[in-house]
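# Coordinate analysis (summary)
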Amino acid sequence: VSTKTESVVHHGSPVLDLPSQGKLGYDSSITHRDILVKDEEVLATATPANFARTMNNVLRGICNNPSFFDSMSVHDRDFLLVWLWSNNYTPVKEVEVVCSNRECGAKHTYQVDMTELDVKPLKDDYKPLKIPLSLGEEGAYIRVRPNTVKDENEVEAFLEKMSNKTDAKKLPSFEHLMLVSSIDVGMNIPLDKKMEWVGENVT
């Protein structure tokens, strides 16, 4: 599969198959429309503190407000972003690569056609990662699942709220909170409590 895969028109709206292929508990495809000027205008109002939520809301609208949007993995969401961007704008992007050898440091510029990127579908035998917390057949365990759009929105909102109360140096990183969000502890608890629980129980 590549991002060059064409959308199939279905009942007036193009339909795009998602890499997860319906194996994560939501639809295997999504309808969409072209990106409009109004979408770009909304994106232009985004700040660093609300960029993910703004971008996700715009993308939800472009995808005709599917009921499963918040449950969608960020991997499917990123696929959608790249596909829509490369099929609505110029698909060829320039990428600068710097040699990691400090003595060399040479810079090279490559052109990448975003419509030619390989996309690997989720494997048929995919299962969430199951990690034991204690020994024995009845031992406690947690599951780790792919992050969702909802996780991203909640983490960003949490960090924005906490930044008004806490020194920025003491805030957990976005990446750390996304990892915490991906852990299923068997109950629905607020992110701050979940962060405490993970800190005290997960090695």
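Higher on the page you've got the structure.
The paragraphs below set out a description of the structure included in this document.

## Describing helix H3 (residues 74–88)
An ideal rise of 1.5 Å per residue puts 21 Å on 15 residues; H3 measures up with 20 Å between its terminal C-alpha atoms. All buried positions along H3 are accounted for by Val-74, Asp-76, Arg-77, Phe-79, Leu-80, Trp-83, Leu-84 and Ser-86. Its buried side turned inward, H3 meets strand S2 (13–17), strand S3 (29–31), helix H2 (51–62), helix H4 (149–163) and helix H5 (174–181).

## Thoughts on the sheet that holds strand S7 (residues 141–144)
Note on sheets: strands pair through backbone hydrogen bonds, and any given pair is parallel or antiparallel. Read across the open sheet, the three strands follow the order S6-S7-S8; overall the sheet is antiparallel. Looking at strand neighbours, the two that pair on one side only are strand S6 (129–132) and strand S8 (183–184), the edges of this open sheet. Pairing of S6 with S7, which is carried by four bridges, proceeds in the antiparallel orientation. Residue Lys-130 lies in a different strand from S7, and its bridge partner there is Arg-143.

## With respect to the packing of H4 against H5
Remark: H4 packs on H5, axes separated minimally by 10 Å, with the N-to-C direction vectors making an angle of 130°. With respect to their mutual orientation, H4 and H5 come out oblique. Of the two possible hands of crossing, H4 and H5 adopt the one that is right-handed. Mapping the contact onto sequence places Asp-151, Glu-152, Val-155, Glu-156, Phe-158 and Leu-159 in H4 and Phe-174, Leu-177, Met-178 and Ser-181 in H5. Of the residues that constitute the contact of H4 with H5, the class distribution is six nonpolar, one polar and three charged.

## Let's talk about the nonpolar core
The biggest cluster of nonpolar side chains holds 17 residues, and the ones touching the most others in it are Leu-16, Leu-18, Ile-30, Leu-59, Met-72, Phe-79 and Leu-80. Elements with a contribution of two residues or more to this core: H2 and H3. Top element by residues in this core is H3. It accounts for four residues. In this structure Ile-30 touches Pro-14, Val-15, Leu-16, Leu-18, Cys-63, Pro-66, Phe-68, Met-72 and Leu-80, once residues within four positions along its chain are discounted. Core analysis: the second largest hydrophobic core is formed by twelve residues, Val-74, Ile-142, Phe-158 and Ile-183 among them.

## As for the side chain of Arg-77
Residue position: Arg-77 is located in helix H3. Look at Arg-77 and you get buried, because its relative accessible area is 4%. A polar side-chain atom of Arg-77 sits 2.8 Å from a polar atom in the side chain of Asn-56. Not counting residues within four places of it along the chain, the set of residues in contact with Arg-77 comprises Met-55, Asn-56, Leu-59, Met-72, Val-149 and Glu-152.

Calculation criteria
- In every chain, residue numbers begin from 1 and rise along the written sequence.
- Totals for whole chains, interfaces and linings use all residues, but because this is a predicted model, local features are given only for residues with pLDDT of at least 70 and pairs of side-chain atoms are given and counted only at 80 or more.
- Working from all heavy atoms in the structure, the side-chain values ignore hydrogens and water.
- Helix and strand definitions follow DSSP, with helices as H or I runs of at least four residues and strands as E runs of at least two, each counted in order from the N terminus.
- Every helix has an expected span of 1.5 Å times one less than the residues it contains.
- Each residue is placed in one exposure class: buried if its accessible area under a 1.4 Å probe, protein chains only, is under 20% of its type's maximum, exposed if it is over 50%, and partly exposed if it falls in between.
- Every residue pair with non-hydrogen atoms within 4.5 Å of one another is taken to be in contact.
- Any two strands with at least two DSSP-identified bridges between them are counted as paired.
- The axes used here are C-alpha line fits, helices contributing only the stretch in contact, and every angle between their N-to-C directions lies in the interval 0 to 180 degrees.
- Our angle categories are set so that under 35 degrees counts as roughly parallel, over 145 as roughly antiparallel, 65 to 115 as roughly perpendicular, and the remainder as oblique.
- Less than a right angle of anticlockwise turn of the near helix away from the far helix marks a crossing as left-handed, whereas a clockwise turn marks it as right-handed.
- For this classification, Asp, Glu, Lys and Arg are treated as charged, while Ala, Val, Leu, Ile, Met, Phe, Trp, Tyr, Cys and Pro are nonpolar and the rest, including Gly, are polar.
- Among buried residues, those of type Ala, Val, Leu, Ile, Met, Phe, Trp, Tyr and Cys that are joined through side-chain atoms within 4.5 Å constitute a nonpolar core.
- Here a polar contact means two N or O atoms within 3.5 Å. Within protein one must be a hydrogen donor candidate and the other an acceptor candidate, and residues neighboring in sequence count only if both atoms are side-chain atoms.

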